[in-house]
Amino acid sequence: MGIRENLQEIIEMKNRAAKDAGKNPESVILCAVTKTRTPEEINEAINCGVTDIGENKVQEIVDKYDKVLPVRWHLIGHLQTNKVRHVIDKVDMIHSCDSLKLAEEINKRCEQHGKDMDILIQVNVAKEEQKFGVAEEELENLLDEILNNFPRLRVRGLMFIAPAADNPEDVAEYFRKMKDIYDKLSVKKHERCDFKYLSMGMSGDFEVAIREGSNFVRVGTAIFGARNYNKI
């Protein structure tokens, strides 16, 4: 199947999972992950109804930005502080803020551009050494530091990347734990803390993630097919 057919199938799966979880399907955002995808492929997906795209790498955003139709851009991969300046004027949300140092740099670049930035705090609730993200026990302190010190940043929720698993039910416990953390922090009263998004779930596990509380799923290969790293 092509992009249009794949996308339609994923949307139907997303909507069904949302309904089964008692949610309005429109409340769950589908973000098409466009790592290694050409501008032509991305534009085809946008023409088929995609409104949000996620990129892992700064350089791919820079290379594709002017070639892609109007869309909301999300930086979903690890962001080095020395790369922030390249995307600060291009992305609508940064999902992978996981340190005070990175938050400080994002705020600094936002000041230079006269803009505010929506961010999600990435949490490594599974405690995987190879994954980025703030530890659960350090999360609330990081949130408070961001809110107290960086006026250009709006914290819109949390992001999580689940461990790889053949059976998505094997990572359901981590999704549930993230939802518990999200619910506890979402009651925090602050003008720049508006928990709206719990970003978790990818091609292989997004239905389970939605069931357990996600309202923002990041799907790439299920839409575009297997990645071809030779195209970039």
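Our subject is the structure that appears above.
Caption draft 1: Structural context of the environment of T36. Structurally, T36 is set in the loop between β1 (29-33) and α2 (39-47). A relative accessible area of 1% means that T36 is categorised as buried. Along the primary structure T36 and R227 are separated by 191 residues, whereas in three dimensions their C-alpha atoms are 6.5 Å apart.

Caption draft 2: Inspection of the pairing of strand β6 (residues 153-159) at higher detail. Counting buried positions along β6 gives 6 out of 7 residues, so the element sits mostly inside the fold. Looking at chain direction, strand β5 (residues 117-122) and β6 are connected through 6 bridges and run parallel. Within β6, the residue paired with L120 across the bridge is G157. Handedness of the crossover joining β5 and β6 through helix α6 (residues 136-149): right-handed. Tracing the backbone out of β6, into helix α7 (residues 172-185) and back to the parallel element strand β7 (residues 193-199) gives a crossover that is right-handed.

Caption draft 3: Here's a closer look at helix α1 (residues 3-20). Compared with the 26 Å implied by 1.5 Å per residue over 18 residues, the 25 Å span of α1 between its first and last C-alpha is a close match. All of the buried residues along α1 are I3, N6, L7, I10, M13, K14, N15, A17 and A18. Taken together, the buried residues of α1 touch β1, α2, α8 (206-211), β8 (216-219) and α9 (221-224). Once α1 ends, the next one or two residues include G22, with phi positive near 75°.

Caption draft 4: Structural context of the pattern of salt bridges. As enumerated under the stated definition, the model contains 19 salt bridges in all. Ionic pairing is found between D116 and R154, a salt bridge with its closest N-O pair at 3.6 Å. Note that D116 is positioned in the loop between α5 (100-113) and β5 and R154 in strand β6, a separation of 38 residues in sequence. Judged by its relative accessible area of 32%, R154 is partly exposed. Residue E136 is joined to K177 by a salt bridge in which the shortest nitrogen-to-oxygen separation is 3.3 Å. Of the two residues, E136 is situated in helix α6 and K177 in helix α7; the sequence distance between them amounts to 41 residues. Look at K177 and you get partly exposed, because its relative accessible area is 34%. If you follow the salt bridges from partner to partner, you end up with E111, D116, D118, R152, R154, R156 and D194 in one network.

Caption draft 5: The arrangement of the packing of α1 against α2 in detail. At a minimum axis distance of 10 Å, the contact between α1 and α2 shows a crossing angle of 50°. Classified by the angle their axes make, α1 and α2 are oblique. Crossing angle aside, the handedness with which α1 passes α2 is right-handed. Here α1 contributes I3, R4 and L7 to the contact with α2, which in turn contributes E41, E44 and A45.

Caption draft 6: Spatial organisation of the nonpolar core. Judged by nonpolar contacts, the single largest core of 68 residues is most densely connected at I106, M117, I121, I146, L158 and I223. In this structure, I29, C31, L120 and F216 belong to the second largest nonpolar core, which totals 7 residues.

Caption draft 7: Main features of the pairing of β8. Because side chains alternate across β8, one face comprises the buried residues F216 and R218, and the other comprises V217 and V219, equally buried. Here 4 bridges tie β1 to β8, and the two strands are oriented parallel to one another. Within β8, the residue paired with C31 across the bridge is R218.

Caption draft 8: Structural context of the environment of A162. Tracing the backbone through its elements, the reader meets A162 in the loop between β6 and α7. The exposure class of A162 is buried, given its relative accessible area of 7%. Counting along the chain gives 42 residues from A162 to G204, while the straight-line C-alpha distance between them is 10 Å. Residues contacting A162, with those up to four places away along its chain left out, are E128, K131, V171, F175 and D205.

Caption draft 9: Broad picture of the packing of aromatic side chains. Inspection of every chain in the model, using the stated rule, returns 5 aromatic pairs. Measuring from ring centre to ring centre gives 5.4 Å for Y65 and W73, while their planes differ by 45°; the resulting arrangement is tilted. On the basis of an interplanar angle of 85° and a centroid distance of 6.1 Å, the ring pair of F160 and F175 is categorised as edge-to-face. Of the two residues, F160 is situated in the loop between β6 and α7 and F175 in helix α7; the sequence distance between them amounts to 15 residues. For the pair F160 and F175, one class covers both residues: buried. Aromatic ring contacts, followed pair by pair, group F160, Y174 and F175 into a single cluster.

What counts, and where the lines are drawn
Residues numbered from 1 in each chain as written. Predicted model: local features only at pLDDT ≥ 70, side-chain atom pairs only at ≥ 80, totals over all residues. Heavy atoms only, no water. Helix = DSSP H or I, 4+ residues; strand = E, 2+ residues; numbered from the N terminus. Buried < 20%, exposed > 50% of the residue type's maximum accessible area, 1.4 Å probe, protein only. Pairing = 2+ DSSP bridges. Right-handed = clockwise from strand over helix to strand, strands pointing away. Expected span 1.5 Å × (residues − 1). Contact = heavy atoms within 4.5 Å. Salt bridge = Lys/Arg side-chain N within 4 Å of Asp/Glu carboxyl O. Axes fitted to C-alpha atoms, helices over the stretch in contact; angles between N-to-C directions. Parallel < 35°, antiparallel > 145°, perpendicular 65-115°, else oblique. Left-handed = near helix turned anticlockwise from the far one by under 90°. Core = buried A, V, L, I, M, F, W, Y, C linked by side-chain atoms within 4.5 Å. Phe/Tyr/Trp six-rings, centres within 6.5 Å; stacked < 30°, edge-to-face > 60°.

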